[in-house]
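Examination of the molecular architecture
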Amino acid sequence: YQGKRGTSGIVVYAGGAVAHPTQWLVVQAELRHALERDELVLHYQPKIRLSDGEICGVEALVRWHHPVRGLLPPADFLPAAEQSGLIQPLTAWVLRRALADQRDWTTAGRSWPVAVNVSARNLDEPDFAGFVAGALAETGTPADQLMLEVTETALAGDTAIATRTVVDLVALGAGVAVDDFGVGYTSLSQLRNIPVSEIKIDRVFVSSLGRDPQSEAIVRSVIELAHGLGCWVTAEGVESPEVRRWLEDAGCDAAQGSLLAPPLTWNDLIESTTGDVRRDLPAVARS
Ligand code: C2E
Ligand code: MG
Ligand code: MG
Ligand code: MG
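What you are looking at is a predicted structure, and each value in this text was computed from that prediction instead of being measured.

The rules behind each value
Residues numbered from 1 in each chain as written. Chains lettered and ligands numbered in written order. Predicted model: local features only at pLDDT ≥ 70, side-chain atom pairs only at ≥ 80, totals over all residues. Heavy atoms only, no water. Helix = DSSP H or I, 4+ residues; strand = E, 2+ residues; numbered from the N terminus. Contact = heavy atoms within 4.5 Å. Areas by Shrake-Rupley, 256 points an atom, 1.4 Å probe, with all protein chains shown as cover. Phe/Tyr/Trp six-rings, centres within 6.5 Å; stacked < 30°, edge-to-face > 60°. Buried < 20%, exposed > 50% of the residue type's maximum accessible area, 1.4 Å probe, protein only. Pairing = 2+ DSSP bridges. Donors = N, O, S within 2.8 Å, 3.2 Å for Na, K, Ca; no water. pLDDT = per-residue confidence, 0-100. Disulfide = S-S within 2.5 Å. Near = heavy atom within 4 Å. Polar contact = N/O pair within 3.5 Å; in protein donor to acceptor, adjacent residues only side chain to side chain. Nonpolar A, V, L, I, M, F, W, Y, C, P; charged D, E, K, R; others polar.

A separate point is the overall build of the protein chain. When you go through the protein chain residue by residue, the secondary structure sums to 12 helices and 11 strands. Taking the intrachain contacts of the protein chain between residues at least 6 apart in sequence as the baseline, contacts between residues at least 24 apart amount to 64%. Entry remark: accessible area of the protein chain is about 13,500 Å², with carbon and sulfur atoms responsible for 53%.

A separate point is the environment of P142. If you trace the backbone, P142 turns up in the loop between α5 (128-139) and β7 (146-151). Expressed as a C-alpha distance, the spacing of P142 and R245, which sit 103 residues apart in the sequence, is 34 Å.

On to the packing of aromatic side chains. In this structure the tally under the stated criterion is 4 aromatic pairs. Between Y44 and W105, the ring centres sit 5.0 Å apart and the planes meet at 85°, which makes this aromatic pair edge-to-face. Here Y44, found in strand β3 (residues 40-49), pairs with W105, found in helix α3 (residues 87-107); they are 61 residues apart in sequence, far enough to count as distant. Overall, W105 belongs to the buried group, its relative accessible area being 0%. Centre to centre, the rings of W105 and W112 are 5.9 Å apart; their planes meet at 50°, and the pair counts as tilted. For the pair shown, W105 and W112 are each scored as buried. Among the aromatic side chains, those forming a connected cluster through ring pairs are Y44, W105 and W112.

Right, let's get into the pairing of strand β10 (residues 232-235). Looking at chain direction, strand β9 (residues 198-201) and β10 are connected through 4 bridges and run parallel. The partner of I201 across the bridge, within β10, is A235. Here β10 runs beside strand β11 (residues 254-255); their pairing, made up of 2 bridges, is parallel. Paired with A235 across the two strands is A255, which belongs to β11.

Bringing unusual backbone geometry into the picture now. Even without glycine at this site, D38 takes up a positive phi of about 65°. Phi at D180 is positive, roughly 55°, even though this residue is not glycine.

What follows is about the coordination of the magnesium ion (ligand 3). For the magnesium ion (ligand 3), every protein donor is listed as D179 (OD), D180 (OD), E236 (OE) and E236 (OE), and the spread of their distances is 1.8 to 2.6 Å. For the magnesium ion (ligand 3), the donor residues sit on a single chain with the sequence spacing D-D-x55-E. Between the two metal centres, the magnesium ion (ligand 3) and the magnesium ion (ligand 2), the spacing is 4.1 Å, with D179 acting as a shared donor. One end of the pair, D180, is in strand β8 (residues 175-181); the other, E236, is in the loop between β10 and α11 (241-249), with 56 residues separating them in the sequence.

A separate point is the coordination of the magnesium ion (ligand 2). For the magnesium ion (ligand 2), the protein coordination sphere consists of E59 (OE), N117 (OD1), E149 (OE) and D179 (OD), at 2.0 to 2.3 Å. Counting along the primary sequence, the residues that act as donors to the magnesium ion (ligand 2) give the motif E-x57-N-x31-E-x29-D.

It is worth spelling out the confidence of the model for the protein chain at this point. When pLDDT is averaged along the protein chain, the result is 87; 86% of the residues meet or exceed 70. Low confidence marks residues 1-16, where pLDDT is under 50. Its contacts with residues over four positions away, or in another chain, come to 28 contacts. Of the regions scoring below 50 in pLDDT, residues 276-287 engages in 21 contacts with residues more than four places distant in sequence or in other chains. The complex model carries a pTM of 0.89, and its ipTM stands at 0.98.

This paragraph deals with the state of the cysteines. Applying the stated criterion across every chain, the model contains 0 disulfides. Just so you know, C56 is unpaired, no disulfide at all, and the nearest cysteine sulfur is the one on C252, 10 Å from it. Overall, C56 belongs to the buried group, its relative accessible area being 19%. In this structure C231 is not part of a disulfide, and its nearest cysteine sulfur, from C252, lies 12 Å away. Residue classification places C231 among the buried positions, given a relative accessible area of 4%.

Here the focus is the site of ligand 1. In the region of ligand 1, 21 residues are neighbours, and R63, N117, D179, E239 and S258 sit closest. The separation between a nitrogen atom of ligand 1 and a polar side-chain atom of Q45 is 3.1 Å. In the model, a nitrogen atom of ligand 1 is placed 2.5 Å from a nitrogen or oxygen of the E239 side chain. Class assignment for the residues of the shell around ligand 1 results in 8 nonpolar, 6 polar and 7 charged.

Listed below in structure tokens is the structure:
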């Protein structure tokens, strides 16, 4: 494994392990408190439909307002959460928060479905779908307003339980998206067994569109594959007008990226989308 030094100063390895055990334990202990003290926040990144430029969904991305280190990205704490059993309470928190926020922006006149990222560990929980059903019931959110994003790698491992979980989630009426498509190890035959509704093309292919014929060939065939499977296809990491145009021409359905909209706080998301919609926002204090 090739180690990479993150902003935290902790050496994070490709497999998600953290090299310095003491620091890792500190992160775990602090994260446990963070969940209790409500230090986590969700930012929301719009997904833009390329045919008309409208928002067609919003992805929840977790951050940690660390009392000392400031706003931390998921890469600084998700690996520790995944290896310590904290990913279950973390995902539970994210899911409940995202569903409550989805309900509130629907009340404010924006009927966008919300996408929640789940980790491989969650898919291997015996009754994850049952848990999701409970969270939907608590907030009264229709299941078709929820998309669960699972990475390709999460589906590629020991797939028996993961596949069952995906089937159960789809049976609930939720959508399942394959995230970071192209960099993992999903085989085409696995896709046949998993009823996914969306494929998200990893940004490593997207960023070089218009410059790199190899990436272009891959993206073209992923779009064709997705459509052949009856899936919606979204490109991640769209940072330039040229790339956006390329994707539009290639028949890609939707896009996300800094060109279109960065991840936003709930308030910024609502404020940046006024106009045709009602302004009677719920008076909920959010960070
Ligand atoms: P992801 O689900 O593939 O999310 C996309 C990531 O790309 C986000 O990083 C987003 O901020 C970033 N991004 C968006 N537009 C652009 C762009 O134009 N250029 C570039 N270079 N990056 C862009 P973020 O928020 O740091 O999240 C990283 C990963 O952490 C996510 O990748 C997802 O796998 C994971 N993650 C985030 N939130 C959660 C969560 O609540 N639960 C779980 N289990 N995983 C999460
Ligand atoms: Mg995602
Ligand atoms: Mg992704
Ligand atoms: Mg990614």
